[in-house]
Each structure stands twice: as structure tokens, then as C-alpha cells.
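# An overview of the molecular structure
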Amino acid sequence: MTTATETGPGAPDAGASATGSVRRPRGARRRPDWGKYFTWTVLCWLFAPIAFMVVFSFNDIAGRHNVTWEGFTLRWYSDAFAYPDLNVALLNTVTIAVLTMLIAGFLGTLLGLALGRYRFLGQSATNLVMFSAISAPEVVLGASLLSMFLTMNLAVGYWTILIAHVMFSVSFVAITVRARVLTMDPSVEEAARDLGATPLTTFRLVTLPLLVPAITSGGLIAFALSVDDFIITSFVSGSTQTFPLWIWGSTRVGIPPQVNVMGTLIFGLGVLLAVANTVLARRRSR
Amino acid sequence: MTRRLTPAQAAFARGLTQPRLNRRSMLGLSGLTAAGFALSACGVEGQGGESTSSKGFWDDKKSNGRVNFANWPLYMDPGKPELKAFTEETGIKVDYDEAIQDNPSFFGKIQPMLAQAEPIGYDLMVLTNGIELNKLIGLNYLAPLDHSRLPNFAEHAADVYKKTSYDSGNRYTIPYASGITGIAYNPEYVDREITSVADLWDTAFEDKVGMFADPQELANFGLFYTGVDPADSDQRDWIAAADALQEQRDKGLVRRYYSQDYIQPLSNGDIWMSMAWSGDIFQQNAEEGTNLKFVVPEEGATLWSDNMMIPSTAKNPVDALMLMDFLYDPEIAAGLTEYINYITPVPASRGILREKAAEASGDEKETLERVADSSLVFPTEEDYAKLHDYVPVTSENEEEFAPLFLAVSQA
Amino acid sequence: MTMAATREGKRGRTARLAPYALVLPGWLWLALFFVAPIASVISMSLMTGGLAAGYTFTFEIGNYARAVELYWEQILRSLLYGGLATLLCVAIGYPVAYWIAFKGGAYKSTYLLLVLLPFFVSFVLRTISWGFILSDNGVVLGTLKSLGLLPGDFGVLNSATAVVFGLAYNFLPFMVLPIYAVLERMDHGVVEAAHDLYAGRVQAFVRVVLPMSLPGVFAGVIMVFIPTSADYVNATVLGGADNTMIGKVIQTQYLVNNAYPLAAAITFILMAALLIGIFSYAKALGTEQVMEVQAR
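Note that the coordinates shown come from a computational prediction; the quantities given were computed from them, not determined experimentally.

## Here we look at the overall build of chain C
- Across its full length, chain C carries twelve helices and two strands.
- Each helix (α) and strand (β) of chain C, taken in turn from the N terminus, gives the series α-β-β-α-α-α-α-α-α-α-α-α-α-α.
- Sorting the 296 residues of chain C into buried and exposed places 58% on the buried side.
- Sequence-distant contacts in chain C: of pairs separated by 6 or more residues, those separated by 24 or more amount to 71%.

What follows is the structure, encoded as C-alpha cells:
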């Protein structure tokens, strides 16, 4: 917090110095933008292990341990799918994440719509349960789900992972959608109804398009949570492997460079998305 | 028995339990499961299956032309030449799955299904001697082996693997590969020869010692330090051993209690010496050019085995049994050993490796010779004499055993 | 006229039933896969028995006594590490969120994406990478040591410091995002006015910006404190012999030791400790408000 009080307020003032130097002459003496340095330092910290991962995806190692630099190679990229089990694990991770996104997106949208639009019995209970589901520790969720699945005679595996992922991400979607519903202008829908649209048509042509950004971002949150989850998955996975589980298991014998390659490719995909987003944002602001 | 339920809880329990929980599923409830739904039924009954004689089990079984094999990662050449040879010879297809990351969690996954007498999806699996294996045997979850169908095992397995304390007479298991838990050290940092378990207690190595997190492995070394044979220890010995380990910890010697990833820190000097598995050290030296030393300490070390076994609910037990025996063919065992670099239960494979080495040239020759000559893969008689079995922990005495050592490693 | 009335009536009934139809699938999912499992843990924690003999519901409060007696230290340690990591996240995340929100200009969303980008890489992989980086003779420390900038026996890996920083690292976005969301929506005119009103920048910040951004901080604290306190991956990879956290104990008791009643009791204690704290915290603040901030 002390850092905040020191560097934080410096920022708007520095901003004023750039645009409003006439109004505030003392701002003419340009202060160093500590906030910027700080942010970049933090970014370096955030990217350190990523840089390590990317660099070592090009490491020409002979043995199983990929930690000391032994020369540049591209062969792990041409040999990225050398471990069939790793490929299966990655495929599981992706398909589970997509299904999670769709199911949690659907259930969460309905929940969010109801919570944002109507007053109904059980509303505060619903909020409470959702809040608890978001804030319950992962190890608690994993452990209790495992006991539950076994009680229900469900063999743990792919589908129980999916159930668990939908469970912990549905509340995030619901909250995101609810926030959008609450800020939506009701007069738009009224206008549609006054023009003779049936409730269903109104929903399809007016409400839904307005909700799409919220549903999308909720779905993406669900996707991201699902892809990254390790703790809950490790409880309910049975013998099904996911990407994080496989990595964890391979620490026993040394993580193969293929993991770095896949991590790098996924990261690269993220960079592409980010760049596209920035370009679009600039075009829109123009 | 006191049970106080609020009306809401009672309704909840009723609503969820009554349609689903009949008598049969109550019987089958796994340990984990006992769960909230047992509220209405007041508990969960014992988990054991019925014991069957070897003859009774195999009478109505026949080969189905396929077998599902669960093994540990990197425990067979990725090209699976041994399995291909098996399929070629017998026509039996093998579905190989690297499903086992560690014993407890694999046990946790299959136990509920076995308790319900349901197939676990595997006909052949590999588990280490230890608590989980003892439980599997004690709860009658394993198929009794029909030794008339294991001729290769009878002929080629070394004697030491036929009279283990955990499964004497190989009633349920035969080893897939074995290893020694001893001490490894990095001579780059340790400037004297390490010969004894007591060296792990030497304050010269403050914060540079790695120990194993597994309660059984940890206990074994505490027992060696206090001069007790693990296989022949009782509760009083365990307490003394736990005290000794606690002392080692309190002196600040232990950097970390490793579950399996100790090799890297040992190679790069984060730790200087550690409890270690023989095959890991062999591989690390062979592949990374490190010069780590592995010692069977004078107080003793443990010989462990990853054992093949057939769950009693297996759908293809005959095929699994055939595969087990096939892996005891010295040619095949030599191939496995060449890749795994742990101790093979088939001593005859050493000659085969030497023959192969004589025919090979260059790198391959070197590798084969290194494997064939290594005392880590083929321990000497002297080493074997110092090796002991584990503490016989079962589900009955686990409560007295495990917490003592978890209290050390997880404090 | 009559037709319109029927339509009205029908719409009224639909409107009354609509919310239930909408929430029903979500309710079912959460009831079956969240509420019921939690209830099962509570029940399990009051049982006695073993794997071979089976388990009996005996209202065994002793499990809780044993859990506290055996593991109070790990529980407190976890809350401490979680708390420190949360403070670290506030100290690091607030200035970053502040700077991006007020100074990011046209690149606001780019900066925000830069903060989020590392998290495209798997949590487990990131943590393991830190382990390699921080190794005693690794890329960073080894280099510094060979340059003579650090004493030869210096080390951070396998220490509380490494664990707390690892936790803070992995959960930083959960702090930055809610704070950013609040700051970003703040009326810049108000901030300007504050600057005119109060002489000092510090004054303006403390009296105006900080209070207005507190809901974001509160939401961030919840989002960071709970997962960090219950995490065991960081403590396993980056911690040493003295840094075991309660999440690891729960995992071990469930999956290694099969001591289900004890494990359930520890689980419940952890959950209760965290949830009671959070709920009183949220109550003081209004649950809805916290949740709304989380959503952005």
C-alpha cells in the first residue's frame, strides 16, 4: 500500500503535465513516470518464467533434463507430438475446456439472466451458493467432489472432470451476464415489444445480441479456468490425463522439451489474440 | 449414536439418498464415499471382497485376445517392441496405458471400483510393494496367480524375488522391475566418500540433504539409522525412528522431503546428497554425463519391486497372465532392462545384453555394456546381502505407522 | 379486448415462472455438484472407521480435535502465507492497475493483456519454471554467484520467501483485474476535482481515489487470499521442509493415507476458517457488490 501512495498519485499528475502544462506551471518540470517503470518491472517479473520456458523449448539437450543450455535446435518443434500420451492429454484439456465453455456458458447465461432481471424466491440463496462456489478453496472442492462421485457410482474420468469444471466456472459466467443484464436499457426491449415482437422474438433479436459480449467473456473465463485447473482435476481425473496433470507427473523423470514447445505454442496463440485485439481496438478508436 | 439433523438436512438427505441408495450400493460404498448420504444409513460397511482359491478363479476363464495394461510413465520403450513381440507371438492385442503416477493415488482411484466388484478397465497393473499393495492383497482385490501358467517365471526369476516378505510364494504378484533405495551424492560438492546412513545426519551438510516424503521410504531410513531391520520392526522401533528423523529435521539438515523430483536438485547442487533410487542415478549419469555416486549404505538399504498383478475383476485375466510370463523371457527382459535401467528380476538377461553388446558397435555398444556391467542394474551378491524388505504395513497398523512419519515430513 | 387480457394473463404467469425455468438447470448443477459434496464432507468428518472395517457415522467430534491438534501449525502457516501473498499482490497489483487505468491511454487494453498473457501458460508449468529459475546454481543465482554478486551459499528455493512470491506471482491477475475495473470506471473529472480541492497529490489520492477503489481491492483480496491459502502446488515445488501448507496435508490424507474422516475434518476446518472470514467481510460490504466487481 505504501508503494501505491507513493507511485500511484504521481501518475495522474504526470498526465496533467503532458496535457495541461499551461494550467499548472509547476508540472512543466517533467517528473520521471515511476508508475511506468514500476509496471514494466512487474511485467518483466511476470514474463520471467515464460521467457525461460520459450528459450528452453529450443534447447538441444541429449538427456531427459531440460535445465542447462546446451545449444540451439528446432527439432523439438518438428518432433512436438512425439509423446502420444502428451498429445492425448492436450486434446483432453482442449475438448474439456470447449465443452465447459459451452455448458457453463449456457447454464450461466440462464442464471445470470434470471438473477439480473427477476425478483424470485431463492434469489439470495442462489447468490450465496454462487459466491461460495467461487470462493471455496480448490482442494475442498476436489476432495468433496471425489467423495460425491464415488457415492453416486460414477467412475471418475473424463466426464467427471467436465462436471467439475462446469461446476466451478458456471458462477463466473452467471455473474458476468448478470452484470450486463443489470446495466441494460429496458426501453430497448419495450420498444421491440411495442412494435409487436413476441417475447421470444424480442429475446432473439434484441436481448441476446446485447448480451453476447458478456456471454463471450464469461465463456472465455470458463475456458481459461478449465484449461489451467490442476488441483480439482487431480482429484476427479481417474486415469484420464490432462495437460497440467501430465506435466506434474513428468517431473519424476524430467519434463521433456515437447512440453515447453506446446507451452510456447499456446502462449504464441495468446500473443496473436492480444495483437489482434490491440489492432482492432486502435482501428475502432480511429 | 447421536444424530441431530435439522429438518432441512433431513429432507436433503432423504431426497438425495432414498431413490439411489439401496442395500447393494451401501455395501459397495467406497471408503471415500461414505459421505453425506450415509447420514440416513449410519455408515459404510467393510470394503473387502471375497477370497477365492487360485483354482476356482481360473476355472472358467479363457483368453479373449486382448489385454489392458496400466503401467508407469517411461517404463517401456515408446515404440513398445516387447508388446509388439507379444502380439506377434500370441495374437493378443495389448492396450498400454501410462496411467500410474504414484501408488496411493492410483489405489485411491481403483479401490472404489474394486470394492463394488467392478472392472477397473485394466487387466494388468504395476504397483510397488508397500501399504497399497498390502491393502490390495488384504482386501482380496487381486487374482491369485496360476503358477502352472508362469513357466518362464519359475525358470528365470532370481530367488530373492520368490520369497519376498510382502507376497511370499508370489501368490498375487511377480516383479516387473526392482530397484534399491539407497543414498546418492554429488562428489562435486561432497568431498569425502559417503558410506553410511549416518552421513545423512552429519551437520556438515546442513540444508543440503534430501529425504523422501513417502512415509514408508522415510521410515526405512530412520530404522536403519537406529539399527533396526524394517521388515522386522514394531511400533516401539517406529517411534524411535520417527524421533531420529525429527532430530535430523530439527538440526536443519533436510532441505526438502521429495516425492520424486530430487534428481535435478541433486545434479545442480541445490542438495548435495539424498535418499535415491538406483535406476534414476544410473540414467542420470548415463544420459547427462553427471558423476553422481550411488551407495548401498553399510547399515542397509531397501530393495523394492514394482510388481505386476491382475485385479480380481479383470475381464481378460488369462491374457494378462500370458503377458506377465512373456515378460520373463530373458530376451524380452533384456530389452526392457536396456530401456528402464532398473534392476531386472531375470538375471539371465545380463548374458543376453552382453551378447547384444558384442554384436553392436559405437554408442549402442557402449550403452549396452554400461547397462550389463552396472551394479545398479545387476547388484552384486554383497549388495544383495545388505538389502532389506519394507516395514510390513497393512490397513490394520497403518493408523499407528503413517502419521508418525507424515508428522516429520509434513510439519 | 378479451384476447389482449388472456395474453396479459399468460404473460403474467410466464413472467412469474420464467425465472425458475431459467435458474433450474444451474440450480440442479450447483446443488448436485457443489452443495451435496460439501454436505458429504461434513458428514464424513463425523465418522469413524477404516478402509477394511468400513465407516460408521458416530458423530465423532474427536476428528476435529485431532485435526486441530495435529495440524494447527500448518493451518496457521497457510493463512499466514496466503495473507502475505495477498498483501504482496495488493502492493504490486494496485500501482499497476492504477497506472494502466489512468495512464494507459490508448494502450490500456494492451497493457492489461500483457499482464494477463503469462497466464495463458499452464499454472503448473509456470510454477515449475520458477523452481528452475530460482535453483541455487541456476540461470539467475548461478550467474550472480559467478559474478561475485552473491555469496556462494545463498539460496531462495525451498524457503518461505519463494513460496510467498510464487503464490503472489500466480494469483496477481486476480488482484489487478478487479482493482483495474473499479479505477477504470472512475470519473476522471472527480479525480481532477480532487486535485484542485486538496493541495497534495497524496491527499487527493487518500481522500478520493483510494476510498472509491476499495471495493475493487476487497474483491481482489477475496480472489487472492482463498486460493493462495489453500494452494499446495507452490509450497510443493518452491517450498522446503518447513513450508508444508494445509492443502498438501488434505491431499495426502485423502489420497495417500486414506484417512478420510480426518481429512474431511481438516477440509471442513479450512473451509470454515476461510468462509467465515470472507462472509463477515462480504457482509460488511454487501455480497452483491463484491460479486459484481469480481465479474468485471
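## Digging into the overall build of chain A
- Along its length, chain A carries 13 helices and zero strands.
- In chain A, the succession of α and β elements from N to C terminus is α-α-α-α-α-α-α-α-α-α-α-α-α.
- Each of the 286 residues in chain A was classed as buried or not, and the buried ones make up 48%.
- Within chain A, contacts between residues at least 6 apart in sequence are counted, and of these 77% link residues at least 24 apart.

## Let's talk about the nonpolar core
- Core analysis: the biggest nonpolar cluster contains 178 residues, and L145(A), M167(A), C89(C), A97(C), A168(C), Y180(C) and I266(C) have the highest contact counts within it.
- A total of 18 residues in this core trace back to one element, the largest contributor, which is helix 6 (residues 160-185) of chain C.
- When residues no more than four places from it in sequence are discounted, the contact partners of M167(A) are A133(A), W29(C), L30(C), F33(C) and F34(C).
- Within the second largest apolar cluster, 122 residues are counted, among which are L83(B), F86(B), W238(B) and L321(B).

## Focus on helix 6 of chain C
Residue and element names in this part refer to chain C.
- For helix 6, which comprises 26 residues, the first-to-last C-alpha distance of 37 Å matches the rise-based estimate of 38 Å (1.5 Å per residue) to within 8%.
- In the structure, helix 6 departs most strongly from a straight axis at F171, where the bend amounts to approximately 55 degrees and where the proline P173 lies between one and four residues downstream.
- Among the 26 residues of helix 6, 22 are classified as buried, and the element is accordingly described as predominantly covered.

## A few points about the pairing of strand 8 (residues 273-277) of chain B
All names here are of chain B.
- When you tally the buried positions in strand 8, you get five out of five residues, the bulk of the element.
- In this structure, strand 5 (residues 173-185) lies alongside strand 8, joined through five bridges in antiparallel fashion. Bridging across to strand 8, A184 finds its partner in S274.
- With two bridges joining them, strand 6 (residues 209-212) and strand 8 adopt parallel strand pairing. When the sheet's bridge partners are listed, V209 is paired in strand 8 with M273.

## Here we look at the confidence of the model for chain A
Residue and element names in this part refer to chain A.
- In the predicted model, chain A carries a mean pLDDT of 83, and 86% of its residues have values of at least 70.
- Mean pLDDT values for the elements of chain A range from 36 in helix 1 (residues 2-7) up to 94 in helix 3 (residues 34-55).
- With pLDDT under 50 throughout, residues 1-28 is counted as low confidence; its partners more than four residues away or in other chains account for 46 contacts.

## Section: the confidence of the model for chain C
- Summarising the model, chain C shows a mean pLDDT of 85, and 90% of its residues fall at 70 or more.
- Counted against residues more than four places away or in other chains, residues 1-5 of chain C, with its pLDDT under 50, gives zero contacts.

## Comments concerning the pairing of strand 6 of chain B
All names here are of chain B.
- The two faces of strand 6 match: V209 and M211 on one face and G210 and F212 on the other face are all buried.
- Pairing analysis gives four bridges linking strand 6 to strand 7 (residues 254-258), with the strands arranged parallel. Residue pairing across strands places G210 opposite R256, the latter belonging to strand 7.

## Let's talk about the packing of helix 8 (residues 158-182) of chain A against helix 10 (residues 199-228) of chain A
Residue and element names in this part refer to chain A.
- Two elements in contact, helix 8 and helix 10, have axes separated by 8 Å at closest approach and are oriented at 155 degrees. Comparing the axis directions of helix 8 and helix 10 gives the class roughly antiparallel. Helix 10 is crossed by helix 8, and the crossing has right-handed handedness. On helix 10, the residues that touch H165, F168, S169, F172, V173, T176, V177, A179 and R180 of helix 8 are L211, A214, I215, S217, G218, G219, I221, A222, L225 and S226.
- Taken together, the residues of the contact of helix 8 with helix 10 sort by class into eleven nonpolar, seven polar and one charged.

The rules we used
Residues numbered from 1 in each chain as written. Chains lettered and ligands numbered in written order. Predicted model: local features only at pLDDT ≥ 70, side-chain atom pairs only at ≥ 80, totals over all residues. Helix = DSSP H or I, 4+ residues; strand = E, 2+ residues; numbered from the N terminus. Buried ≥ 20, exposed ≤ 12 C-beta atoms within 10 Å, placed from the backbone. Contact = placed C-beta atoms within 7 Å. Core = buried A, V, L, I, M, F, W, Y, C linked by C-beta atoms within 7 Å. Expected span 1.5 Å × (residues − 1). Bend = angle between axes of the 7 residues up to and from the residue. Pairing = 2+ DSSP bridges. pLDDT = per-residue confidence, 0-100. Axes fitted to C-alpha atoms, helices over the stretch in contact; angles between N-to-C directions. Parallel < 35°, antiparallel > 145°, perpendicular 65-115°, else oblique. Left-handed = near helix turned anticlockwise from the far one by under 90°. Nonpolar A, V, L, I, M, F, W, Y, C, P; charged D, E, K, R; others polar.

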